[in-house]
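Given next are the chains, with one letter for each unit.
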Amino acid sequence: MVTGPSTQKAKQRVSYVLPLADSPGGHRLGVNGLAVDSEQSILYSGGRDGAICAWDLNLNLKGSASSENPFDSPEDPPSEPSSKPKRSTTFRSQTQAHTHWVNDIVLAQNNTALVSASSDLTVKVWRPLSGNSEAPQTIGQHADYVKCLATPNSQVDWVASGGLDRRICLWDLSGAGKSLEIEVGDEDKSEKGSVYALSASRSILASGGPDAIVRLWDPRSGKRVTKFVGHTDNVRAILINETGDTIMTASSDQTVKVWSVTAGRCMHTLTMHNDSVWSLYSDDSQLGIFYSSDRSGLVVKTDVRGTLGEMDDGLSLAIAQENDGVGKVIAHGDYIWTATSSSSINRWSNVDTGADIQLPEAYRRHRASSAASRPRQLTPPAPTNTRSKKEIPSHSILRISNTATFPSPAAREADANTTISALSTVRKGSEIIVDPDIGVIVPIQALPEETIEGQHGLVKHKLLNDRRRALTLDTAGDVLLWDLLGCTPIQSFGKKHLEDVEPEVNTMEAVAPWCSIDTRTGRLAVVLEAYNCFDAEMYADELHLDEPVDFRDDQRINLGKWVLRHIFSNLIDEVIKRDEAFRRELNENLKKSGQRTNAPSSIQLPQAYSSDWADSMGTLTPRANGASYPMTPGMGIGVATPAVPTHLPGVPEDGAALDKRASQTSRTSDKPVDYFSSTQIAADAPPKAVATPGETTDEKPPKSPTDADKESNGKDTNTLFGKKFRMGMSFGSKKLGRSASSNTEKPVIVDEKAEDGSETSENGEKEKEVDDSFFGIVQMIRNDYEKALVENPDQPVESGITPSLPNETPVLKPPPMTTVIIQEETSGGSADVYRGTVATVGEDASLIEQRAPMWLGDLLLRNKIPLKEPVKVSFILQPWQDLLPSIAGPDGNARLNANRMLRVKKILAYVAERIEAAPEKPDPDALKPEEYLELYCYDQKLPISMSLATLRAHVWKGGADVMLYYKSNGRKSIRYEKTAESATGVSTPSTQAAQPPQAAQS
């Protein structure tokens, strides 16, 4: 029972990710984060595939790191070109840290902790040097995407994270959790406080975002120090110097601004970029050298050391040009690494900007004449590397700001700035910068020194009509066909357009939506929501199974139930083992022998095998050999227009003849305004079919016992869980009760009193509260054991766990490495509450029991799915050219409806029953209705296996009632058949159909 009606538990979903073929390590989609451990010579990368990779650089990064000017290292051996093959980067390790994009990574705790921020709302820490293979641990969570991380240096024990939930959180990496939370945004503009950029020093924290405001915070108290206003677009990156008195910010407004904290204003606006500036990096404590990159792919190195505050005299060089926007740039020693939307990472050779830099003659004269250029920082010994001796091309030098006097000529045209601005607004990533003053910009490095190759990930997908298969396109251009149920690829089509392959493999089917798919992390993920994952079915005779299974005629398989049963197969096995141990302990306490065959269970409705079972089940799918099979209710054909005094009876799915009582009974709708349901006529129905005479016109008519029985097949109607699900409400907060009522003689009616948290059993005893989780189902089963012991203390307890059998859910064997994820909705998206694999769900049983939703437990352990009214299709059935009798009633109404899954051959069986009397002695060799009758729509003959849903979607293609025409193919003589030349005096087809068989034969 729900104990806290004022609060509701978040909705939960289950998803699974199909594994890709084994391949070498590396990202499958673009890379968003980079970090370097210079001590270990390891590069870390975080990608849009949710993975974090570690790479051995095989480079000596220690020598240059200790130099005061890290880019003027004297240890550049002249033999470097010959040693390059030994310096290739190699894959070290990888972890699938997140289930959504990794947006940023930083190193902390002396480079032993790698912290990652993700769009899956979590902040995690991975300790790749610990020696064990422990997965990353979640240290915190935001309410929306986490976009950025910051830490003063790689030695500290804390990290700050910022997200789209407009919060900055400080996390203690020693296990103390969240140490501080800052609400970003002014009182009147809090909705614009999303944090896209973050930087930290020991004394100050700076944040920026879409509101173009840079805010400074005290990391100890969380109080705002000040804010800087000046940018006109999203602030994308921030740097803070070691003393915390200078802030550098990069923005989508194409500028880099330098702010003085002490002066409280912008000191410089740098305009070396002509596109949105996405990234900043510096390992210079005073930001004398910094790197920047933009949306066009340009990578810039700027050196303002020794300019004594006159940054216009600094040097800004175009180092490299990527093919895509550079989201992250980092540098160390002689190397620069760039991350883009490609799965590969490029390493570029750095350019020395020391005092001995070889500039063009004109620029050397300018620097010599500049007083600001003389007192530069320590000049290292002249390097022996011939690379730095090369003269920097004039076309690689950028104008650092609009007020800089070089490299522009002394005299500039008045409209030069306007021209630059106009060019920059339309520039694309692949275009070359054109400055009207200095001409074409040519990056110093034409090609990267090395490309750290990534893998190919999926970037596009198409769910096919059968909703069991999907096509994907990967970054290599290959098209692959997947089986969503088996979790495996079916066929590769090579490098083709996905749109060209689709017609080859698609089928003409219409299946209810039961899942959604996405490829956001480069792999194919299938997401199942509680509200519709059990909506889709397929016919068992369409399956191609390795092991034969004995199905009944026209049996349907529920797709959601089928795949979940086998995704969690190991979990079911583990829960059964625990249940056996629990019952063994109970039974040992009895100290008595003897077994009983049936343990009473107050939560399952008994089957109604009465003598008039066949009479009262006219509109139900029959059960073969008396065995219970779950089915979609309401598979009969009923008259669609309500309140018709006399109407056509329903027809069972197997097309068997109906007796008089069956022909007068139709299924009652819960909603009288639903024109896709039949009208209940109680004239000749058994007395027990209606709870109270005269209630047939009530808003919610009670169901007959057989209706209750029908709807309880695999669907829990009496538990509060089932009721709440049927009513479209989310589950209660913590506790959920169950109704012990199992009497099928009572009409099943949704009782609003069930919501008050005081549900009782039949004998008035209050039911035990259970958790609103997977474990709640385990508790229910155990409560039943206790109840059974009280009622029959001398009999051992039998298992109450009844998972579905192979005839309902044929054996599937998903790959063990298929990822299984359970998520719950949050205000900003969905948060993971569990992640494992098909192989590990058994080991994780305790965790899943606590975190998985109750509906999953009900499905896996009791084979119950939430009750949901079947979708029906309305259609009008008429004889073709009036050559056969009409099936319409005396009022001429031929409008019918039936379950969307009903096949054409069942409609033909319905027609056959009504146009021709059934023989007294059935002939086993007689033709089946589908062998001598045909059904047409738009003059198109319909296949007998086509469902109403497919017919409506692909043949009728309209919203109104489907028009269907039946005719004879001549293989059998039909006594009522007439020709077009028949005399006009013959009675109308509708009159014939309305006559009883005896009268018609006379």
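None of the values given here were measured: they were computed from a predicted structure.

A separate point is the packing of helix H8 (residues 569–590) against helix H13 (residues 774–791). Two numbers describe how H8 lies on H13: the axes approach to 12 Å, and their chain directions differ by 25°. By the angle between their directions, the pair H8 and H13 is classed as roughly parallel. Crossing angle aside, the handedness with which H8 passes H13 is right-handed. Residue-level inspection shows Leu571, Val575, Asp579, Phe582, Arg583, Leu586 and Leu590 of H8 in contact with H13, the latter providing Phe774, Ile781, Arg782, Tyr785 and Leu789. A class-by-class count of the residues in the contact of H8 with H13 yields nine nonpolar, no polar and three charged.

A word on the pairing of strand E24 (residues 298–303). Burial analysis of E24 places six of its six residues in the buried class, which makes it a mostly covered element. Of the two faces of E24, the one carrying Leu298, Val300 and Thr302 and the one carrying Val299, Lys301 and Asp303 are both buried. In this sheet, E24 lies alongside strand E23 (residues 289–294) in antiparallel orientation, the contact comprising five bridges. Each bridged residue has a counterpart across the sheet, and for Ser292 the counterpart in E24 is Val300. From the end of E23 to the start of E24, which pair antiparallel, there are three residues, and Gly297 there has a positive phi angle of about 100°. The sheet contact formed by E24 and strand E25 (residues 315–321) spans six bridges and is antiparallel. Looking at the pairing, Asp303 lines up with Leu315 of E25.

Moving on: the nonpolar core. With 66 residues, the main nonpolar core has Tyr16, Leu484, Leu564 and Phe568 as its most contacted residues. A total of eight residues in this core trace back to one element, the largest contributor, which is H13. If we skip the residues at most four places from it in the chain, Leu484 touches Tyr16, Leu18, Leu463, Arg467, Arg468, Arg469, Ala470, Cys515, Ile517, Leu524, Val526 and Val563. Of all hydrophobic cores here, the second largest spans 35 residues; its members include Val299, Ile319, Trp348 and Ile357.

Sheets are built from strands paired through backbone hydrogen bonds, the pairs being either parallel or antiparallel. One open sheet accounts for four strands, arranged E18-E19-E20-E21; its pairing is antiparallel. A strand with exactly one partner marks an edge of an open sheet, and here the two such strands are strand E18 (235–240) and strand E21 (265–270). Between one strand axis and the next, the sheet turns through 25° on average, direction left out of account. Where strand E20 (residues 256–260) lies against E21, five bridges are found, and the strand directions are antiparallel. Of the residues in E21, the one forming a bridge with Trp259 is Cys266.

Its identity is not glycine, yet Ser41 carries a phi of approximately 55°, on the positive side. Among the structural elements, Ser41 can be located in the loop between strand E2 (31–37) and strand E3 (42–47). Unlike most non-glycine residues, Asn110 shows phi in positive territory, near 55°. Tracing the sequence through the fold places Asn110 in the loop between strand E6 (102–108) and strand E7 (113–118).

A word on the packing of H13 against helix H15 (residues 854–862). The contact between H13 and H15 brings their axes to 6 Å, and the two run at 50°. In this view, H13 runs oblique relative to H15, as classed from their interaxial angle. Handedness of the H13/H15 crossing: right-handed. Facing Phe774, Gly776, Ile777, Val778, Met780 and Ile781 of H13, the residues of H15 in contact are Met854, Leu856, Gly857, Asp858, Leu860, Leu861 and Arg862. Broken down by class, the residue content of the contact of H13 with H15 amounts to nine nonpolar, two polar and two charged.

Okay, the environment of Pro943 next. Along the polypeptide, Pro943 turns up in the loop between strand E51 (940–941) and helix H18 (948–956). Each C-alpha atom of the pair Pro943 and Lys905 lies 8.3 Å from the other, and the pair is 38 residues apart in sequence.

Applying the stated rule across the entire model yields seven aromatic pairs. A centroid spacing of 6.0 Å and a plane angle of 80° characterise the contact between Phe534 and Trp855, whose relative ring orientation is edge-to-face. Note that Phe534 is positioned in the loop between strand E38 (525–529) and strand E39 (537–539) and Trp855 in helix H15, a separation of 321 residues in sequence. We note that Phe534, like Trp855, is buried. Here the basic side chain of Arg903 rests over the ring of Tyr539, its NZ or CZ set 3.6 Å away from the ring centre.

Right, let's talk about the pattern of salt bridges for a bit. According to the stated counting rule, one finds 36 salt bridges in the structure shown. Put simply, Asp104 and Lys328 hold a salt bridge, and the shortest N to O gap is 3.6 Å. Highlighted residues: Asp104 in strand E6 and Lys328 in strand E26 (residues 328–332), separated in sequence by 224 residues. Asp104 gets classed as buried once you look at its relative accessible area, which sits at 7%. One salt bridge in this structure joins Lys462 and Glu502, with 4.0 Å as the shortest N-O distance. With a gap of 40 residues between them, Lys462 in strand E33 (residues 458–463) and Glu502 in helix H6 (residues 498–505) connect regions that are remote in the sequence. Through salt bridges with shared partners, a single ionic network connects Asp541, Glu542, Asp554, Arg903, Lys905 and Lys906.

Taken together, four strands build an open sheet; the order of strands is E10-E11-E12-E13 and the sheet is antiparallel. Every interior strand has two partners, whereas the edge strands, strand E10 (146–150) and strand E13 (177–183), have only one. The sheet shows a mean angle of 25° between the axes of neighbouring strands, direction not considered. Sheet analysis places E10 next to strand E11 (residues 158–163), joined by four bridges and oriented antiparallel. Each residue of the ladder has a partner; that of Val146, found in E11, is Gly163.

Conventions we followed
- Residues numbered from 1 in each chain as written.
- Predicted model: local features only at pLDDT ≥ 70, side-chain atom pairs only at ≥ 80, totals over all residues.
- Heavy atoms only, no water.
- Axes fitted to C-alpha atoms, helices over the stretch in contact; angles between N-to-C directions.
- Helix = DSSP H or I, 4+ residues; strand = E, 2+ residues; numbered from the N terminus.
- Parallel < 35°, antiparallel > 145°, perpendicular 65-115°, else oblique.
- Left-handed = near helix turned anticlockwise from the far one by under 90°.
- Contact = heavy atoms within 4.5 Å.
- Nonpolar A, V, L, I, M, F, W, Y, C, P; charged D, E, K, R; others polar.
- Buried < 20%, exposed > 50% of the residue type's maximum accessible area, 1.4 Å probe, protein only.
- Pairing = 2+ DSSP bridges.
- Core = buried A, V, L, I, M, F, W, Y, C linked by side-chain atoms within 4.5 Å.
- Phe/Tyr/Trp six-rings, centres within 6.5 Å; stacked < 30°, edge-to-face > 60°.
- Lys NZ or Arg CZ within 6 Å of the ring centre and 35° of its normal.
- Salt bridge = Lys/Arg side-chain N within 4 Å of Asp/Glu carboxyl O.

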